[in-house]
Every structure is written in structure tokens, then in C-alpha cells.
Amino acid sequence: MSYPKQLYMGEHFEDLEKLYMKLPPDIKDRELDIICKSARKLIEHSERYYINRDEEMAYIGYMRLINLVQVIRKNKDYARKKETVTKLLGTQSDFNRIFEKLHKLKDSLEHRYKERARQKGVTPLPKTVDSERESKNGSLVGKDEGMMIPASGHKQTVTAMELHGMINDCRISMLIMDCRPVKDFEASHLRYSYLVNVPEHLLVAGMTAGKINHALPPESRTLWSNRMVKDQVILMDWNTAGAPVKDTPIYILNYILCHYDQDIEDTKIIRLNGGYESFVLHYPASCSNPSYRPPMVVDGIGDNIDDIEYPNISDIPMKEESFTKPGFKPTIDRNSKVAAVSLYEARKKPLEDILVEHEQILDKSKQNALEIINTETELKNLEKQQPLEPGVDETQESLLFEVMQLKDRQRDYEAEKARILEEEENYKVMEKEQKERGEQISTEQAEQLEREAYERRLRDKEREQRELEEKCQRLAREREEKLALAREQKRHLKENVPETSKGAYPEDDQGPNSYGSNAMRLPLFDRSAKPLTDHNQNLRLRDLDVVQRDFAPVYGSVGRGLTGLKNLGNTCYMNSILQCLSNTYFLNEFFHDPSFKMHLNRNNKTQGKIGEEVAAVIKALWTGQYKCIASKNLRYVVGQYERQFGGIEQQDSHEFLTILMDWLHSDLQTKQMQIPPSLDQMPPSEKAWIEHFKGKGSYISELFYGQIKSTVKCTRCHKESATYESFSNLSLELPQDSNICYLENCLDMYFNGEEVRGWHCPKCKSNQDAIKKLDISRLPSILVVHFKRFYADPDTMSTVYRKKQTLVKFPLSELNMTRYLARTEVNRNKRLTTFRYHLYGVSNHYGSMESGHYTAFCLNNIHQKWFKFDDYNVSSIDASDVQASAAYILFYSCLPDRPQSDVR
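Cut-offs applied
- Residues numbered from 1 in each chain as written.
- Predicted model: local features only at pLDDT ≥ 70, side-chain atom pairs only at ≥ 80, totals over all residues.
- Heavy atoms only, no water.
- UniProt positions renumbered as here; feature names shortened; annotations may be inferred.
- Axes fitted to C-alpha atoms, helices over the stretch in contact; angles between N-to-C directions.
- Helix = DSSP H or I, 4+ residues; strand = E, 2+ residues; numbered from the N terminus.
- Parallel < 35°, antiparallel > 145°, perpendicular 65-115°, else oblique.
- Left-handed = near helix turned anticlockwise from the far one by under 90°.
- Contact = heavy atoms within 4.5 Å.
- Nonpolar A, V, L, I, M, F, W, Y, C, P; charged D, E, K, R; others polar.
- Phe/Tyr/Trp six-rings, centres within 6.5 Å; stacked < 30°, edge-to-face > 60°.
- Buried < 20%, exposed > 50% of the residue type's maximum accessible area, 1.4 Å probe, protein only.
- Lys NZ or Arg CZ within 6 Å of the ring centre and 35° of its normal.
- Salt bridge = Lys/Arg side-chain N within 4 Å of Asp/Glu carboxyl O.
- Core = buried A, V, L, I, M, F, W, Y, C linked by side-chain atoms within 4.5 Å.
- Domains from an automatic or database assignment.
- Pairing = 2+ DSSP bridges.

- Looking at an unreviewed UniProt entry, the protein carries the name Ubiquitin carboxyl-terminal hydrolase, with the source organism given as Anopheles minimus.
- Within the UniProt record for the protein, the comment given under Catalytic activity (unreviewed entry) is "Thiol-dependent hydrolysis of ester, thioester, amide, peptide and isopeptide bonds formed by the C-terminal Gly of ubiquitin (a 76-residue protein attached to proteins as an intracellular targeting signal)."

Following this line, the structure appears as C-alpha cells:
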């Protein structure tokens, strides 16, 4: 191997910068073809120098090429001649190889210059940052894969999911710089040790790293200095996505670090795509005060909107009105007799009925309290058993979860009692006012009403007594079944898991069914333990998925779709979501069709693995021959891409669902959207939809994704601007100081208008007050609604999270979203007004932030009954029990609710 040519171009590495920065002064005025030919010659000469081991000339040539590429990109003919440029200079992969060579040359030259200086006894000059920041600049941005896109040697952005993984990876050395205003930073920020606020008021033209250091408060300077020793610096503002706009705070901070900071050299500068807003949406528990939202400043694009959403600004309902409607602590004007009369005449509920309802709630509350006492007594008795019998641990855990659920139900009864007491009081006020007006009821009428109410009360009491007796018997049977099932699980595992399979999947190994293994590890089962029922050929073929995956099933004939999921260590959050998705009829049908694998996208990050594992779990849940299974493979695969979901810590089911939807969409994103020759000819909402999905859809986007239209209207000139954003679920606020409210109130709070201060009106050409209003521009087939139950307690010294136990009244059918549709979109698509949603799934959370448990309520498509999925335990429930304060995520569908085929 030949040795590198001796150094002769300079005394220090920094001397090379003066040579590669020199370009002809008239280069920008030359024809694009001529510039490209010059760049081609540079590539050829640099390659020759590189082969001949002339490292200095090779480095200068390659860096000069990168500078020339910047000139090409800015040329007025570049957009028109991209293909020609690519043919002459090469593709993305060609430039990636050039950047690899540049990094090798740079490392070698720096070492050689230092060594020569040491031999001569000369102190080397302090390092400066190359003005072009070889690894951070010099990129041509393009969208086509075959186009020439010289890129940096590292990613320029990270997603919220990637940053969360980096924060939790102790091997990664990084500093996060938050360039939001001080007030916003103090109100809410990331929970991370190496986080420094670089306020936006400091980020103006002319600032340098040194000036920023002097301007920062003393406690921030130490953190700021960490940029010199960290491998990566992550920049973020509130919500910048993609390339930052010039002269914005994050753009200026990035520019300062790249051009005016001599203390960092090889540090990677990376931006958080979507900013803090994206991170707090995905990981609220990793942020202080995640409910905080700063004053909105929205850029207008109203020139592209051909319809006016709100001709009169007075038509916009405001958020302040959201929780003041009847149904949410109705306020009765004591001075208005008409108001009181109209309210209760509309309800037509006599006082006797209210008293009866009150009595029923009292009885239910009493019975529930007795169940809590009995369950806790049973727990104490189990704890006294010495030695513990097999299965006792599982039973104790199950009983603890049951106590959580009973206590939540008790809280619901208390909320209902408070509501009824308020109704009684208001009715008595109305009755008193009727007497004052002389509208008294005759004695005969009063006696008749009292007798009828008494008879109803007796019938209700008898029915309730029968229900309570049946319920107690059912609970006793379920508890016995739980203990028997736990014992059976342990016996089955001991008998059927051979010694050779034990420890096959250690935590630090590749895991079950590893995609990195050459041979598939098949779990071995005792075939004699399988049921001998007759199955058709199709079922046996589909059961191959179960054999090939480590589902560790507990066999037993149950109804299809009534198989439980084992808790693998605080995985109840995952089980709850999987059962809701399993009962999403059209998704279930899609995954049962073998052709779904033709739609898998193998070129994305997850390579279709998430879609395959979810499909396998859903198919196993619907065979009808397992009492419960374990989703080990799915848990392992999701843990590969999001480490928190692979551990044994309790996680947030909403966070898991949001990330899972993104994964599934990406895994199935193979459907090419119909795109016209010019996007500008399309309605703005359609254009935004295509751009969001980059022209490719999926079955997931067709089912679960909708679109929100955000309209901002100037209060001075009434100019409207609109932007569009896609969503897979709606996150709704709950009232702060109320025990009960209605879904309608929460939807109003989300969609109603709010004041925007300092919005730059494109028509007024100045900052004005405005009103921002959200509407739905595209309704999803599956509407997922999430309640923001967790919040940071502002009254505590340290950040403590609390849970809102508000009982939300939501409909089980006929949910009408018409009133939240954007008027302009309805004009284009009248079919939107026909959407009516029925509830089919609920993800419940019981307990608190510190100690909680997830279950699911799902409407089975075959049996047309509601069932509770509590990990491995599945039981039927009444439809009246679905509505509870534990409701965390609601799954609504507007698709036809067809019974599933019995072929499978």
C-alpha cells in the first residue's frame, strides 16, 4: 500500500480553507451547463488525487465541488434541468461516497498536521470551524430519489420519537437547545439534564456564540458550554417542521453554531422536526406542564382560499361557552321564572322520578361499597396463605385491579348523586315559583303521581335486587375462574415448555423470532394438549402464524374474538389498545385477508414488521380456540423501534396508540394517490392531504385519518387565512373543576374559537387581534377520541401529575359530528353530513398516575354484545356499564356494522 504524499499546501489544516473557498467571481453568471462541466472536471481531478494519495489536493477538490454544488442549486435553470445535472454529476449515493471520503481525508489531514507541528515543536493553531461545515452544509434539497441530492454526513432532523429514544439512551452524548421565549420555556419544557434555553430575543442578526454566552443567565452558561464536549446539539423551537424559514430564531441559532462558534467543530447540529409541540403531543409525561399552550401566531395563506368559512365574525362560537351549556352544571337564573320552567318542562321529569333515581343510585353505591369491602377482605385472606399456592400471585394482582375498578365506579356514583341533588334543588325552586304564580297541582293529581312513582320504585327495586344477586354470583364465579385459570397457566407452562426452549430469548439477545437470525426459532408445544375439535383447512393454514410465533396460548374453546391477552409485565396498556383494534371490524377483515401482505412496505424504517405482528395477534385472537395468548413477538418488535414499549414499565395507552398508528400507516403506505398534473388546481384541503402523505396512502390512512382546518380571521378587516393538518385521533380537554360533563362540551372546547394576539394580518400588513377556529375538513371512517385526563399540578413545588376523574357522558350510537364540519368542505362534499358514528371500543384507565391499570370495553361483532377485556380475563358487561369515568380513549365507527363471516 502506497504512503500519502507529503504535506505541501500549508502549515495548518485551516490553511486549506483559503484554497477551496476560492471560486471565480463570475461563476454565478455562467450558464448552468458550463458550471456542471466544471463540476464534472472537479470530480474527475479529485478522484485522481484521491487514488494517488494526494490528500491535500483531493480534500481541496472535493470541498470546492461542494461549494460549486451550492452555486448550481441557486441557478435559475436548476429546477428545469435537474435530470441533466444528475446525469452529469451523479445521484445521492454518489455524493454520499464523496462525503465519506471527505470525512476520512479530514481526519487523516488533521492528524498529520498535528504530528508535523509536534515534531517541529510548534504549537498548533486552535481549530476553527470550516465556513461551509462540510458535514453540516453543502446539500442540494430535492424530492426525487434519482435526483442529485448531496446530503450531509448525518441527519439534519430527528422526529419526536427518535429524540425520546435518544434521551433515554445513556450512550448518546447530546445537548438540547430550546430557543422558545423564556416565559414559554419556564411554563413547559423537556425533562432532560442537558437542556438549555437560548431565548429567541437573543437570536438576532449579528449575534455570535460568545455574545450569547455573555447574555445568558449564570445558571445557563454552564449548560451552554456543554456544546463543546457533546457529540450532538439538538435545536428546537415551538413547532418548526422541515427546513426552518430564514431569519426565524431556530434558523439564526443554527447559523450561529455553524458559522460563528469556534468552540465546536465535529459536533452534529440537528433540529427537532415539529418542535416542542410535536414532542409534548407524543410524550406528555416527559415534559413539565404538557397542557401548556403559548399564544398562537399563525401565518396567513388566505390568498389560496376561494371560500369564506365565517362571513360574519360574530358567527364564531368561543371556547368560553363550551362548558356553560345545559348538561354541564346548568346554571339557573333565579330571577328568571321562564328559564326554570322551560328547562324542566323540556325534561318532563316530575320530582318523584328524580327521587326514585336518587334512591337507585344510593342503593347501587351501597352495593358497590360492599363489593369493595369483600374484595379487599379476599385480598387479605390470600396474603395470609403460607405457603402461597400456585396462581395466588396472579389472583392477587387481578383482585387489586378489581378494587381499582370498583373504586372508580364508586366515584361515578358520587358524581351522579351530586347531579341528582342539583336537579332536586332546581326542581324545588321551580315548584316554589309555580306556587307563587298560583299554578298548584291538585291533591288528587299529587296522590296519583306519588302512587305511580311508588309502584315504579318497587318494580325497579325488585329488578335491581335480581340484578345484584346475579352480579354477586357472576363475580364469585369469575373469581374462581381466575384462580383456576392462573393455576392452569402455570401447570401448562411447566408441562409443555421443554428445557431446551427455556431462556431462548434473553433480554440482551435478539429476541423471539428475531429478524436478524438465519433460522426461525419455533416454540415447542405438547400436541396432545391441543383440543381435538374438527377444523377446516383454512383454519389450519391460518393457525400456522400461531405455531411460528411464541404466543404461549392457553387452550380452550371460547367465542371468536373473546380471547384474552396475557400481561407480560405492565403491558395492560398495550393489551387494551390491541383489543380495541382487534374489534375494529374493517381492520380485522383486512388483516385476515392473506393478500394484505401484498400491501406491506418493506422500504420503510420498520420494514412491514409491525403490520405483520399486529395482523398475527389479531388473527390469533379470533380463532376461538384460545382462552388467552401472549403477544411476545409484537412486544419485542415494537421495543426494537421504541425502547420504552419493550420494557416492563407502565406506559400511556394513548401514546402507544398514536405511535402504533404511524407505524401501521408507514408499513402499509403503498397506495399511490391520484394526483393531477398541477396541485395548485386542487382545493387547498386536498392539496394539503396529498402533501402530508407524500402522494402515497395506506389502508390505515383511509380508516383512521382525518383532517382539521384551522381558520384565522382578523377582527379588524375580517381577512381569513386557513391551514390544514391531518390527525389520527382528537385529544380533548376536560373541565378543571367538575365531576361530570358531556362529550359535546369537550368537542365544543376543542373546536370553538379562541383569541389570537399579535397575528400578522396579510391584508392589514400589521399585527392585529384575530380569532382562530378549528373545523373538520375531512371526517375519518374510524373516529378516535382521547380525553386529556393527566395534567401537571400547578400547586406543587415539584412537577406532580394528577388525573382528572371527570365522568364524561358519551353516546353509544348516533354521534353526529355535522356541527363541527367546515362549511366550505360541506359545500364541496355533501356526503359528510350523513356520517353517524357508533361506539365499539373504549380503552379505560383506572387508578392514578402512580398506580394504574388499563382495560378495554369492546362490542363484539358476532355476538353483538359488550365485553370487558381485562388482560387474560374476558367477561360480558351491560351496555349501561360502558359509560364510566375510567374512559380514556373512545373508538367510534361510521362504517356499516356487518356481522363477520363464519368461514374463518
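1. Examining the packing of helix α20 (residues 609-621) against helix α21 (residues 632-641)
Inference 1: α21 packs onto α20 with a crossing angle of 160° between their chain directions and a minimal axis gap of 9 Å. Put simply, α20 runs roughly antiparallel to α21. Seen from above, α20 lies across α21 with left-handed handedness. Within the contact between the two elements, α20 uses Lys609, Ile610, Glu613, Val614 and Val617 and α21 uses Asn633, Leu634, Val637, Val638 and Tyr641.
Inference 2: Within the contact of α20 with α21, the residues separate by chemical class into seven nonpolar, one polar and two charged.

2. A short note on the packing of aromatic side chains
Inference 1: Summed over all chains, the structure comprises 22 aromatic pairs.
Inference 2: Pairing tyrosine 192 with tyrosine 194 gives two aromatic rings, centres 6.4 Å apart and planes at 65°, and the pair type is edge-to-face.
Inference 3: The class of tyrosine 192 is buried, set by a relative accessible area of 19%.
Inference 4: Measuring from centroid to centroid gives 4.5 Å for phenylalanine 590 and tyrosine 699, while their planes differ by 15°, and the two rings are stacked. Residue phenylalanine 590 is found in helix α19 (residues 585-592), and its partner tyrosine 699 is found in helix α24 (residues 699-704); the two are separated by 109 residues along the sequence.
Inference 5: Relative accessible area serves as the criterion here: at 14%, phenylalanine 590 is assigned to the buried category.
Inference 6: Linked through ring pairs, Phe590, Phe591, Phe596 and Tyr699 together constitute an aromatic cluster.
Inference 7: The positively charged end of lysine 101 is found above the aromatic ring belonging to tyrosine 50, 5.0 Å away from the centroid.

3. Structural notes on the pattern of salt bridges
Inference 1: By the definition in use, this model includes 24 salt bridges.
Inference 2: A salt bridge links arginine 116 to glutamate 11; the nearest nitrogen and oxygen atoms lie 3.9 Å apart. Taken as a pair, arginine 116 in helix α5 (residues 92-120) and glutamate 11 in the segment before α1 (15-20) lie far apart in primary sequence, 105 residues in all.
Inference 3: A salt bridge links arginine 819 to glutamate 744; its shortest N-O distance comes to 2.6 Å. Here arginine 819 is found in the loop between β21 (815-816) and α26 (823-828), whereas its partner glutamate 744 is found in helix α25 (residues 743-751), with 75 residues between them in sequence.
Inference 4: Look at arginine 819 and you get partly exposed, because its relative accessible area is 46%.
Inference 5: Here glutamate 744 falls in the partly exposed class, since its relative accessible area comes to 39%.

4. Focus on the nonpolar core
Inference 1: Ranked by size, the top nonpolar core spans 127 residues in total, and within it Leu163, Ile176, Phe591, Phe704 and Leu743 carry the most contacts.
Inference 2: In terms of residue count, α20 provides more of this core than any other element does, eight residues in total.
Inference 3: Split by domain, the residues of this core number at least three in each of domain 2 (157-286) and domain 3 (560-668).
Inference 4: Sequence-distant contacts of isoleucine 176, defined by excluding residues within four places in its chain, comprise Leu163, Ile167, Leu190, Tyr192, Tyr194, Leu195, Val196, Ile234 and Met236.
Inference 5: Within the second largest apolar cluster, 32 residues are counted, among which are Leu32, Ala58, Leu105 and Tyr113.

5. A few points about the pairing of strand β23 (residues 852-860)
Inference 1: Of all nine residues in β23, nine are buried, a share of seventy percent or more.
Inference 2: By the alternation rule, side chains of β23 split into Gly852, Tyr854, Ala856, Cys858 and Asn860 and His853, Thr855, Phe857 and Leu859, which are all buried.
Inference 3: Two strands pair when backbone bridges link them, and strand β22 (residues 836-847) and β23 are joined in this way by seven bridges, in the antiparallel orientation. Directly across from serine 843, in β23, lies its bridge partner alanine 856.
Inference 4: Connecting β22 to the next strand, β23, in antiparallel fashion are four residues.
Inference 5: Across five bridges, β23 lies against strand β24 (residues 865-870) in antiparallel orientation. The residue bridging alanine 856 from the neighbouring strand is phenylalanine 869, located in β24.
Inference 6: Taking the residues that link successive antiparallel strands as the turn, the β23-β24 hairpin has four residues, and the phi of glutamine 864 there is positive, at about 55°.

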